[in-house]
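Listed here are the chains, written in short residue letters.
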Amino acid sequence: MSTDALRMAAPATGAVAAHTDVLCAHCGLAVPEGLVDTAVERQFCCTGCHTAFSILHEHGLDSYYGFAERRETPVRASGRSYEEFDHPAFAQLYVTRTPAGLARTELYLEGVHCASCVWLVERIPLLQSGVLRAELDVRRSLAVVEWDVEVTPLSAIARGLDVLGYPPHPFRGVARADMRKREDRAMLVRIGIAGAIAINVMLLALALYSGELNGMEAKYTTFFRWMSFAVTVPAFVWPGRVFFTGAWASVRTKSLHMDLPIAIALAAGFVRGAVNTITGEGPIYFDGLAILIFALLVGRFLQQRGQRMAADAAELLHAIAPDTARIVDATDRVRDIPAAALLPGMTLDIRAGETFAADGVVVRGASSVNAALLTGESRPTSVAEGTMVYAGTLNVSAPLRVRVEEAGETSRIAKLLRQVEDSARRRAPIVQLANRMAGVFTAVVLVAAAAAFVIKTQLNAPAALDDAIALLIVTCPCALALATPLAITVAVGRAAGNGMLIKGGDALELLSKPGTLVLDKTGTITEGRTALASWVGPVWVKPLVLALEEGSSHPLADGFRRAWPGLDTPVVERSQHVAGGGLEGVINGQAVRIGSPRFAAEGTTRISPAVAAALDAVDKTQTPVHVVVDGELVAIAGLGDRIRDDVLRSLQQLRDRGWRIVMLSGDAADVVASVGQTLGFAAHDAIGAASPEDKLAFIERCKQQGTVVMVGDGVNDAAAIAAASVGIGVHGGAEACLATADIYLTRPGLGALVELTEGARRTMTVIRRNIGFSIAYNVIGAGMAVLGLLTPLIAAVLMPASSITVVLGSWYGFTFARRVAGHSASAAPAALTT
């Protein structure tokens with residue numbers, strides 16, 4: 001028998017005579033030799049498949065094996081109890097209630113791939129008492145389960161799925177997805193009813209139009225007119241009610257809303273049609289009104305879907321945290337699941353170079369973690385068993401196992417980004433302007449429509465009411481109201497994906513035009529840490545210096561270690577730290593002294609010629625370290641705070657765009673002057689020895705002349721950052737910076753600042769383009785309506801088209817680059833130091 005034939009016949013074969021071609025009765029894979037039992041009818045490759053087959057067979061579900069395409073992997077049940085699924089906190093997050101009182105949840109299932117999986121999962125109600133409904137979306141591997149909690153717990157349902165080879169995980173965001181489904185369902189029902197009414201009214205109108213052409217008795221004409229009225233009323237009572245509800249809210253709050261002209265247009269047409277129906281004279285408009293309601297509802301639905309797409313794309317948590325995670329099950333098997341399905345107690349497998357998907361405690365391994373996003377510390381910190389790590393931070397050097405403590409919306413990074421999202425709702429001046437324009441425009445439209453109707457009525461124009469209705473509808477300021485907030489929402493989301501957390505659209509508007517840019521030196525222009533800037537001396541001295549400095553915690557020692565990583569060092573026979581001086585010791589029989597010039601001079605009897613020539617050329621802004629070996633001064637090192645690689649290029653780009661740049665630092669005045677001279681600052685724009693109070697006073701003075709942007713440490717420069725027109729934190733860590741700053745840059749260097757200002761400028765360009773399009777559309781549409789070139793139905797089609805155009809313009813408009821793979825700033829060819 002062929003392999004395919006044997007696989008299809010596996011559930012019904014007789015006793016097995018040989019094991020050479022024996023296939024598993026459940027999954028169809030070859031049965032290992034040690035598991036073949038020739039005395040039984042069916043063979044299984046593992047206990048998981050055996051258990052799954054037994055369950056299906058006992059419940060009469062053998063037709064599962066009739067599918068040509070079905071599961072071809074062994075069933076490996078995890079053995080989990082899933083007791084966490086019964087916890088009240090779990091129910092609060094993931095379980096909702098149906099109108100019938102049943103519990104409802106959505107579960108992500110592993111191992112779903114074909115129609116047989118759908119068939120099997122949807123038979124769960126037959127396998128588990130208390131389950132009344134199970135539906136599987138095979139494309140997303142999401143199962144909707146409804147059950148009676150009084151009959152069976154969710155953990156039992158989860159174990160049943162697990163035994164069948166579909167380990168379940170909760171789908172995070174159930175509440176929001178459920179709310180959206182309810183909204184969409186309600187809107188689609190309205191659209192369906194409005195469409196059905198429109199079709200029936202059109203059939204009645206067709207009878208009336210035919211009667212006008214061919215002659216119809218008056219009683220039938222009256223009948224069809226009243227029938228049209230009766231059929232149209234429900235369209236206003238329910239599907240069309242949304243427009244009148246919005247209009248009434250507008251009147252009650254004394255703010256002109258876009259639903260107001262639509263409601264007036266619909267009401268005017270309906271009243272005129274009703275009056276004409278009662279009097280038996282004139283057009284009744286009901287066919288046009290019914291189609292109009294249907295077209296307006298379809299347009300609103302498409303518009304809302306477009307807005308939702310833009311909002312989803314801007315979710316900051318998804319822009320920073322990973323989408324998937326690897327968990328380790330009870331059998332130490334590693335598998336991938338969506339990060340949204342993580343729960344406290346799960347164990348994560350994190351490899352070097354990967355980002356943590358949740359907050360947790362290290363349970364195995366030791367590594368270093370780059371937590372600059374949260375803490376601002378540029379150097380990786382060591383972690384070991386028992387150390388807490390956080391979502392969004394980077395595992396640098398070695399694999400780790402981490403027990404999840406907080407995940408998703410409860411993680412530290414999610415709480416931080418909620419602060420950003422809440423602040424991002426602040427309305428920028430241009431948003432407020434657009435809203436005021438929309439209100440004024442609505443008032444103008446109402447007046448213009450009334451004037452057009454009165455004038456055309458006086459002139460006995462036959463379509464006066466139609467033209468007024470078309471004017472009210474086509475000039476609805478939906479696109480104008482959407483032009484600004486959508487563009488800002490998309491821009492903030494894309495900026496987050498590129499390491500720029502922006503708290504509000506007002507900051508983007510201020511950054512779009514050049515002003516005064518004030519930069520702190522330490523950590524902004526420079527790296528904020530001690531580095532070896534210059535070295536005069538032979539190569540053989542370096543291992544001696546590194547050997548003696550290796551055990552020191554002094555910042556200068558750290559500079560030597562970073563400058564010469566991986567250098568082999570000799571054994572230090574004896575060493576001593578001299579407070580206020582330096583280090584001395586014996587290495588390979590040589591007496592070595594390292595420290596300040598005064599300390600080194602105490603042990604110096606002679607100076608090498610190369611060092612003697614360099615003594616007078618030492619940069620006064622650097623900290624000098626002298627090295628003496630056996631009484632001879634053999635080397636001089638200069639240590640300082642290294643200027644970032646991209647600073648020169650970034651400063652030039654900002655100056656070319658019109659920014660006046662000032663360096664304001666608390667560092668020594670001569671050091672700041674030296675750095676300023678290197679970077680091309682004018683003497684009066686490189687200000688040193690500035691206290692926090694001095695910085696605040698300087699910002700206040702500059703604000704009197706225009707926009708001031710302060711870039712610095714979110715802690716040390718907090719007062720100046722808070723006082724500036726726009727405060728940007730780059731060094732204190734997101735939590736500290738976002739307490740006072742408007743923007744936090746997660747990437748080192750000034751390259752991100754250049755991208756930020758350019759992205760802000762492009763965002764304003766997109767907004768102005770959207771507003772310009774909206775105004776042009778409304779002006780042209782109003783003109784065509786007044787001239788009688790638009791019917792109400794065509795106006796209803798054009799109105800949502802304008803809004804959709806604005807949505808697409810905001811989405812596809814180039815503001816910030818789409819998410820990049822890495823967040824490292826590009827390095828300039830040359831490195832500068834100070």
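Owing to the predicted nature of the structure, the values given are computational and were not obtained by experimental measurement. (Residues numbered from 1 in each chain as written. Predicted model: local features only at pLDDT ≥ 70, side-chain atom pairs only at ≥ 80, totals over all residues. Heavy atoms only, no water.)

Chemist: Residue-level account of the overall build of the chain, with values.
Modeler: Counting secondary structure elements, the chain contains 30 helices and 28 strands. Every one of the 834 residues in the chain was classed for burial, and the buried ones make up 50%. Counting only contacts in the chain whose residues sit at least 6 apart along the sequence, the fraction spanning at least 24 positions is 69%. Carbon and sulfur atoms provide 58% of the accessible area of the chain, an area that totals close to 37,000 Å². (Helix = DSSP H or I, 4+ residues; strand = E, 2+ residues; numbered from the N terminus. Buried < 20%, exposed > 50% of the residue type's maximum accessible area, 1.4 Å probe, protein only. Contact = heavy atoms within 4.5 Å. Areas by Shrake-Rupley, 256 points an atom, 1.4 Å probe, with all protein chains shown as cover.)

Chemist: Hey, could you go over the environment of G392 for me, with residue numbers and the actual values?
Modeler: Within the secondary structure, G392 is located in the loop between β12 (388-389) and β13 (394-395). Between the alpha carbons of G392 and A414 there is a distance of 9.3 Å; along the sequence they are 22 residues apart.

Chemist: I'd like to hear about the sheet that holds strand β27 (residues 726-729), residue by residue, with values.
Modeler: Overall, mixed pairing links the seven strands, which are arranged β15-β28-β27-β26-β16-β24-β25 in an open sheet. Looking at strand neighbours, the two that pair on one side only are β15 (500-502) and β25 (686-687), the edges of this open sheet. Pairing of β15 with strand β28 (residues 743-745) involves three bridges; the strand directions are antiparallel. Considered in β28, the bridge of L501 is made with Y744. (Pairing = 2+ DSSP bridges.)

Chemist: Can you lay out empty space enclosed by the protein for me, pointing to particular residues and giving the numbers?
Modeler: Here the structure, examined in full by the defined rule, presents two cavities of 30 Å³ or more. Lining the largest cavity are G523, T524, R644, V711, V730, L745, R747, P748, G749, L750 and L753. Of the voids in this model, the second largest cavity is the one considered here, and its volume is about 30 Å³. Lining the second largest cavity are V121, I124, A134, A143, V145, I157 and L161. Across the lining of the second largest cavity, the residue classes tally to seven nonpolar, no polar and no charged. (1 Å grid on protein atoms, 1.4 Å probe; cavity = no way out; pocket = protein on both sides within 12 Å on 5 of 7 lines; lining within 4 Å. Points joined across faces, edges and corners; volume = space filled by probe spheres on them. Nonpolar A, V, L, I, M, F, W, Y, C, P; charged D, E, K, R; others polar.)

Chemist: Please set out a nonpolar patch on the surface residue by residue, giving values where relevant.
Modeler: A cluster of nonpolar side chains, I780, M784, L787 and L789, forms an exposed patch at the surface whose accessible area comes to about 420 Å². Considering the arrangement of structural elements, one finds L787 in the loop between α29 (751-786) and α30 (792-812). (Patch = residues over 30% accessible without salt bridge, like charges linked within 9 Å, V, L, I, M, F, W, Y side chains within 5 Å. Salt bridge = Lys/Arg side-chain N within 4 Å of Asp/Glu carboxyl O.)

Chemist: Any chance you could break down the packing of helix α24 (residues 647-656) against α29 for me, citing the residues and the numbers?
Modeler: The N-to-C vectors of α24 and α29 enclose an angle of 20°; their axes lie 9 Å apart at closest approach. Between α24 and α29, the angle is such that the two are roughly parallel. Crossing hand, α24 versus α29: left-handed. On the side of α24, the interface is formed by S650, Q653 and L654, while α29 contributes G751, L753, V754 and T757. Among the residues making up the contact of α24 with α29, the classes are represented as three nonpolar, four polar and no charged. (Axes fitted to C-alpha atoms, helices over the stretch in contact; angles between N-to-C directions. Parallel < 35°, antiparallel > 145°, perpendicular 65-115°, else oblique. Left-handed = near helix turned anticlockwise from the far one by under 90°.)

Chemist: So what about the packing of aromatic side chains? Which residues, and what values?
Modeler: Per the stated rule, a full pass over the model turns up twelve aromatic pairs. Centre to centre, the rings of F44 and F53 are 5.2 Å apart; their planes meet at 55°, and the pair counts as tilted. Taken individually, F44 and F53 each receive the classification buried, so the pair is uniform in this respect. Ring centres 5.7 Å apart and planes at 25° place the aromatic pair F229 and F270 in the stacked group. Of this pair, F229 sits in helix α8 (residues 218-237) while F270 sits in helix α10 (residues 259-279), placing them 41 residues apart in sequence. For F229, a relative accessible area of 22% puts it in the partly exposed group. Taking relative accessible area as the criterion, F270 reaches 19% and is therefore assigned buried. Seen from the ring of Y390, R412 lies directly overhead, with NZ or CZ sitting 4.3 Å from the centre. The ring of F599 carries R593 above its face, with NZ or CZ at 4.3 Å from the centroid. (Phe/Tyr/Trp six-rings, centres within 6.5 Å; stacked < 30°, edge-to-face > 60°. Lys NZ or Arg CZ within 6 Å of the ring centre and 35° of its normal.)

Chemist: Go over the pattern of salt bridges, please, and point to the residues and values.
Modeler: Summed over the entire model, instances satisfying the criterion amount to 23 salt bridges. The shortest N-O distance in the salt bridge between K456 and D467 comes to 2.5 Å. Pair noted here: K456 is in helix α15 (residues 429-458) and D467 is in helix α16 (residues 464-474), with a separation of eleven residues, a long-range link. Note on accessibility: K456 and D467 belong to one class, buried. When the shortest N-O distance is used, the salt bridge between R761 and E758 registers 2.3 Å. Of this pair, R761 and E758 both sit in helix α29, separated by three residues, roughly a single helical turn. Salt bridges here are not isolated pairs; linked through shared partners, they connect R326, D332, D349, R351, E354 and R401.

Chemist: Please set out helix α6 (residues 154-163) residue by residue, giving values where relevant.
Modeler: Of all ten residues in α6, seven are buried, a share of seventy percent or more. Within two residues after α6, G165 carries a phi angle of roughly 95°, on the positive side.

Chemist: Residue-level account of the side chain of S512, with values.
Modeler: Structurally, S512 can be placed in the loop between α18 (505-511) and β16 (516-519). The class for S512 is buried, based on a relative accessible area of 11%. Those residues in contact with S512 that lie beyond four places of it in its chain are A760, R761 and M764.

Chemist: Before we move on, could you go through the confidence of the model for the chain and cite the residues and values that matter?
Modeler: When pLDDT is averaged across the chain, the result is 78; 81% of the residues are at 70 or more. Within the chain, the element-level pLDDT minimum falls on helix α1 (residues 3-9), averaging 34, and the maximum on β16, averaging 95. For residues 1-19, every residue scores under 50 in pLDDT, and the model assigns this stretch 34 contacts once sequence neighbours within four places are set aside. (pLDDT = per-residue confidence, 0-100.)

Chemist: How would you summarise the sheet that holds strand β11 (residues 381-383) if you had to cite specific residues and measurements?
Modeler: On the basis of which strands lie adjacent, the open sheet formed by three strands has the order β11-β10-β13 and antiparallel pairing. The open sheet has two free edges, formed respectively by β11 and β13, since each of these has just one partner strand. By the bridge criterion, two bridges tie strand β10 (residues 367-370) to β13 in an arrangement that is antiparallel. Bridge assignment links N370 to a residue of β13, and that residue is L394.

Chemist: Tell me about the pairing of strand β23 (residues 632-643), and name the residues and values.
Modeler: In terms of burial, β23 is largely enclosed, as eleven of its twelve residues are buried. Of the strand pairs in this sheet, strand β17 (residues 526-536) and β23 are connected by seven bridges, and their pairing is antiparallel. Across the sheet, the residue bridging to T530 is D641, located in β23. Note that strand β21 (residues 606-607) and β23 share two bridges and pair parallel. Along β23, the bridge assignment pairs I607 with L633.

Chemist: Any chance you could break down the state of the cysteines for me, citing the residues and the numbers?
Modeler: Disulfide: a covalent bond formed between the sulfur atoms of two cysteine residues. Under the defined criterion, the tally for this structure stands at zero disulfides. With no disulfide of its own, C27 has C45 as its nearest cysteine by sulfur position, at a separation of 3.6 Å. We note that C46 lacks a disulfide partner, and the nearest cysteine sulfur, in C49, lies 3.6 Å from it. (Disulfide = S-S within 2.5 Å.)

Chemist: Can you break down the nonpolar core residue by residue, with the values?
Modeler: Judged by nonpolar contacts, the single largest core of 65 residues is most densely connected at L109, L342 and L348. Tallying contributions element by element places helix α4 (residues 115-121) first for this core, with five residues. Among residues more than four places away in sequence, those in contact with L109 are V121, L136, S141, A143, L161, Y166, P167 and P168. Formed by 43 residues, the second largest nonpolar core is a distinct cluster that contains A487, I525, V675 and L679. (Core = buried A, V, L, I, M, F, W, Y, C linked by side-chain atoms within 4.5 Å.)

Chemist: An account of unusual backbone geometry is requested, with residue identities and associated values reported.
Modeler: Of all residues except glycine, most have a negative phi; of all peptide bonds, most are trans. A positive phi angle is found at N588, which is not glycine, with a value near 55°. Along the chain, the position of N588 falls in the loop between β19 (582-587) and β20 (590-595). Of note, the phi angle at A689 is positive, near 55°, even though the residue is not glycine. You can see A689 is positioned in the loop between β25 and α26 (692-703).

Chemist: Outline helix α2 (residues 47-58), listing residues and values.
Modeler: For an α-helix, 3.6 residues make a turn, and residues three or four places apart therefore share a direction. With twelve residues, α2 should cover 16 Å at 1.5 Å per step; its first-to-last C-alpha distance of 16 Å lies within 8% of that length. Within α2, burial applies to G48, C49, A52, F53 and L56. In an axial view of α2, the angular spread of the buried residues amounts to 130°, which keeps them on one side of the axis. Along α2, exposed side chains directed more than 90 degrees from the buried face belong to T47 and E58. (Expected span 1.5 Å × (residues − 1). Arc of directions from axis to C-beta.)

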